[in-house]
Amino acid sequence: MINLQQDSEGFIRMKRHFPATAAVTIKFSDGSVEELSGRRLNEIYDSALADFRAQNQLDAKGFSRGPQKKVQTGIEFVAVHPGMGQ
């Protein structure tokens, strides 16, 4: 079982995928607790990463095809809210 806690801004720290069969418990800032599967949390992570890449004009692999400069290609924090497990 993996235990995570939502920060005051509504995010959890997630740098990588969790095992699909893992049970992940998230304690939200309002005090509620929800258990999600690793597969569901990975879907949420992938969606957040796709949004990040689209907003920063990056391709599907996270590369910038524009002029060469240092660009952050990944995310570390994922927004979550109660009820995402359904």
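Residues numbered from 1 in each chain as written. Predicted model: local features only at pLDDT ≥ 70, side-chain atom pairs only at ≥ 80, totals over all residues. Heavy atoms only, no water.

**Observations concerning the overall build of the protein chain**
Of the regular secondary structure elements, the protein chain holds one helix and five strands. Start at the N end of the protein chain and walk to the C end: the helices and strands fall as β-β-β-β-α-β. At a minimum sequence separation of 6, the contacts of the protein chain that also span at least 24 residues come to 46%. If you sum the accessible surface of the protein chain, you get close to 5,900 Å²; carbon and sulfur atoms cover 50% of it. (Helix = DSSP H or I, 4+ residues; strand = E, 2+ residues; numbered from the N terminus. Contact = heavy atoms within 4.5 Å. Areas by Shrake-Rupley, 256 points an atom, 1.4 Å probe, with all protein chains shown as cover.)

**Focus on the side chain of E34**
As for its placement among the helices and strands, E34 is situated in strand β4 (residues 33-37). Salt bridges are absent for the buried E34, whose nearest opposite-charge side chain, R40, sits at 7.4 Å. Within polar-contact distance, the side chain of E34 engages the backbone nitrogen of G83 at 2.7 Å. (Buried < 20%, exposed > 50% of the residue type's maximum accessible area, 1.4 Å probe, protein only. Lys, Arg positive; Asp, Glu negative; His and termini not counted. Salt bridge = Lys/Arg side-chain N within 4 Å of Asp/Glu carboxyl O. Polar contact = N/O pair within 3.5 Å; in protein donor to acceptor, adjacent residues only side chain to side chain.)

**With respect to the pattern of salt bridges**
Inspection of every chain in the model, using the stated rule, returns two salt bridges. Notably, a salt bridge pairs R13 with E76, separated by 2.3 Å at the nearest N-O pair. Taken as a pair, R13 in strand β2 (residues 11-13) and E76 in the loop between α1 (38-55) and β5 (77-79) lie far apart in primary sequence, 63 residues in all. The class for E76 is partly exposed, based on a relative accessible area of 25%.

**Focus: α1**
Side chains three or four residues apart in an α-helix point the same way, a direct result of the helix having 3.6 residues per turn. Helix length check: α1 (18 residues) gives 26 Å between terminal C-alpha atoms against 26 Å at 1.5 Å per residue, within 8%. Buried within α1 are the following residues: G38, L41, N42, I44, Y45, L49, F52 and R53. Of the surrounding elements, those touching the buried residues of α1 are β1 (2-5), β2, β3 (23-27), β4 and β5. A positive backbone phi angle near 55° is found at Q57, which sits one or two residues after α1. (Expected span 1.5 Å × (residues − 1).)

**Digging into the pairing of β3**
Both β1 and β3 contribute to a ladder of four bridges, which runs parallel. Residue pairing across strands places N3 opposite T25, the latter belonging to β3. Between β3 and β4, which follow one another and run antiparallel, lie five residues, and G31 among them has a positive phi close to 100°. (Pairing = 2+ DSSP bridges.)

**Notes on the sheet that holds β4**
On the basis of which strands lie adjacent, the open sheet formed by three strands has the order β1-β3-β4 and mixed pairing. A strand with exactly one partner marks an edge of an open sheet, and here the two such strands are β1 and β4. Averaged over all pairs of adjacent strands, the angle between their axes in this sheet comes to 25°, without regard to strand direction. Each of β1, β3 and β4 touches α1; the most contacted strand, β4, lies at about 90° to it. (Axes fitted to C-alpha atoms, helices over the stretch in contact; angles between N-to-C directions.)

Worth remembering: the numbers are spatial, not functional.
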